[in-house]
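# Overview (structure and organization)
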Amino acid sequence: MAMKTDVQVVVIGGGIVGASVLYWLAKLGCTDTLLIERRELTSGSTWHAAGNTTYFGPYAEMTRLFAGSIRTYQRAEQDSGHSINFHQTGSVRVATTPRERKLFHQYEANYAALGIPYHVIENERLSELHPCLNTRDWFGAAHTPTDGHVDPSGATHALAKAAQLCGAEIQRHSPVESLHHENGMWSVHTPNGVVHAQHVVVATSFWTRELLQPLGLNIPLYATEHHEMITEDVPELVSSPGEVPAYRDSDVSCSVRQEGKGFLAGIYESQPEFWSLDGIPKDFREELLPQNTDRLMSHLEKLMDRLPAFAEAGIKTINNGPMCWTPDGLPMLGPIGSNAGLWLAAGFNVGIGTGGGSGEFLAHWMVNGQPHFSLPSVHADRFGNDMTRDAAIESIKNCYRKGYRLPESI
Ligand SMILES: Cc1cc2nc3c(=O)[nH]c(=O)nc-3n(C[C@H](O)[C@H](O)[C@H](O)COP(=O)(O)OP(=O)(O)OC[C@H]3O[C@@H](n4cnc5c(N)ncnc54)[C@H](O)[C@@H]3O)c2cc1C
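These notes cover the structure that comes with them. As a convention, each chain's residues are numbered from 1 in the sequence order in which they are written. Only residues with pLDDT of at least 70 get local features here, since the model is predicted, and only at 80 or more are side-chain atom pairs given and counted; chain-wide, interface and lining totals rely on the full set of residues. Only heavy atoms go into the side-chain values, all of them from the structure, while hydrogens and water stay out.

### Re the side chain of S250
Secondary structure elements follow DSSP: runs of H or I of four or more residues count as helices, runs of E of two or more count as strands, with numbering from the N terminus. Positionally, S250 belongs in the loop between β13 (246-249) and β14 (254-259). A polar contact is formed between the side chain of S250 and the side chain of T96, at a distance of 3.4 Å. A polar side-chain atom of S250 sits 2.5 Å from a polar atom in the side chain of E100. Ignoring any residue separated from it by four or fewer positions in sequence, one finds S250 in contact with T96, E100, Y404 and R405. What qualifies as a polar contact is a pair of N or O atoms within 3.5 Å, subject to a donor-acceptor requirement within protein and to the restriction that residues adjacent in sequence count only when both atoms come from side chains. Should any heavy atoms of two residues lie within 4.5 Å, those residues are counted as being in contact.

Okay, here's the thing in structure tokens:
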């Protein structure tokens, strides 16, 4: 079928974020839409993500994006019949200091207001929930029993299919080459033709900076490497019928969830490596990056002490993939630039956790003239247009190495 040439909204990028925006536009009645994807859906970071979708966080309004995400994926699953494979394992964020435990208590009111189950628990309860953890040095944990993980690819396809069932269209294998604004309309140029649209949503993750540079926009998005490790089967998990909760630890700077009968760990190392700072290679498709686990070793040593079964199991797979970052670690959502109709939905380092809710946030803004709740900390124009590359990189480094450390105050 020939690509449409005139639509109300073009969404560029078919990762979980672009698919979520397309879905939510359709749910809010905007179906004269076309999503344009360079290759196949999920061909950026989405296909290799671990799929963690936690509710834990110090900021209530950000937690709304997380909570909205699981709700969105579940709704898209119902609408499309396409499985998102949600595992409702719950999560535990361990208190490595008395200060962390105190902060966990401060967050209780946020969760009560949002109607999300949240409990500060003792080490004894933690051991019941996750018998593999060595709780010796901890001060209990925060437990969010109703979050977990989804299949990122399944969730993206569920969103896309549900949007298509409402009338949205998707054009694959069409890299957008350039964008132009003429007579109040946008023209989107691809090798398959030009599409005219009133609105363009750019959901192209770490490709965004280069795509928007010719419009005079300086978008401070860069990619770091990020490793995840999957172990062989763990005897304690093999003999257990259920699934242990995901475990997060600010001292190890890691997140570990069950994957089959083994563990899957993601580490935020203290010396992050950037990837392709000078521009995404033209021949990059969606492949993984070479592994470099040396810089993870000090974190892994701590992890093996906290989770001895991880050490005993042996590593089966290591994935190193590019991860997109903004200077403050939060996504960029909303209008951008001086010409009306250009919107950003990019800069996601936990896009599975927040993509569903972010699509809802942006679609409400586009359709109703304002988002359905206030969250200025994600507004796309918050960095201005003058941030230098060095400043952006330094801020991203600090965000990445901060891992799961909590802010001093909220
Ligand atoms: C190892 C690893 C594990 C992770 N685990 C988790 C996790 O457990 N939980 C979590 O929340 N996050 C996780 N993440 C992060 C998560 O993968 C990303 O935040 C998320 O996938 C970003 O989604 P996106 O749609 O913004 O970008 P992408 O998935 O990168 O999608 C962007 C899309 O835009 C397309 N595109 C780019 N340029 C163009 C163009 N010019 N024309 C047309 N299309 C274009 C690309 O082909 C791509 O499909 C992980 C990341 C890594 C590296």
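### Structural notes on the packing of helix α1 (residues 16-27) against helix α2 (residues 60-80)
The description of two helices packed together rests on the angle between their axes and the distance between the axes. Only the contacting stretch of a helix is used when fitting its axis, a line to C-alpha atoms as for every element, and angles between N-to-C directions run 0 to 180 degrees. Interaxial distance between α1 and α2 falls to 12 Å at its minimum, and their mutual angle equals 65°. One way to sum up the angle between α1 and α2 is to call them roughly perpendicular. Viewed along their axes, α1 and α2 form a crossing whose handedness is left-handed. Of the residues in α2, those touching α1 at I16, Y23, W24 and K27 are T72, Y73, R75, A76 and D79. Here the contact of α1 with α2 is composed, by residue class, of five nonpolar, one polar and three charged. The labels follow the angle: roughly parallel below 35 degrees, roughly antiparallel above 145, roughly perpendicular from 65 to 115, and oblique for the rest. Crossings are classed by handedness, with left-handed meaning an anticlockwise turn of the near helix from the far one by less than a right angle and right-handed meaning a clockwise turn. In this classification, the charged set is Asp, Glu, Lys and Arg, the nonpolar set is Ala, Val, Leu, Ile, Met, Phe, Trp, Tyr, Cys and Pro, and all remaining amino acids, among them Gly, are polar.

### Describing the site of the ligand
Among the 36 residues in the neighbourhood of the ligand, the closest are listed as E37, R38, T46, G351 and G353. At 3.4 Å from an oxygen atom of the ligand is found a main-chain nitrogen or oxygen belonging to S43. All accessible areas in this document rest on Shrake-Rupley with a 1.4 Å probe, and a residue is counted as covered only by the protein chains that are shown. Out of a free accessible area of 1000 Å², the ligand has 97% covered by protein chains. Secondary-structure elements contributing two or more residues to the shell around the ligand are α1, β12 (222-231), β17 (315-325) and α11 (351-368). The rule for a residue being near a molecule or strand is that one of its heavy atoms must lie within 4 Å of it.

### Section: the nonpolar core
Here, nonpolar core refers to any group of buried Ala, Val, Leu, Ile, Met, Phe, Trp, Tyr and Cys residues whose side-chain atoms link them within 4.5 Å. When a residue's accessible area, from a 1.4 Å probe over protein chains only, is under 20% of the maximum for its type it is buried; when over 50% it is exposed; and in between it is partly exposed. Formed by 59 residues in total, the largest nonpolar core has its most connected members in F104, V201 and L362. Counting residues per element, the ones that place at least two in this core are β1 (6-12), α1, α2, α3 (98-106), α6 (152-166), β19 (342-346) and α11. A per-element tally of this core places α1 first, with nine residues. Residue ranges for the domains originate in an automatic or database domain assignment. Both domains that furnish three or more residues to this core are identified here as domain 1 (6-82 + 151-221 + 327-402) and domain 2 (91-145 + 223-324). Setting aside residues up to four positions removed in sequence, V201 forms contacts with V9, V10, V11, I12, V21, W343, A345, L362 and M366. With 33 residues, the next largest nonpolar core counts L34, V200, I280 and I336 among its residues.

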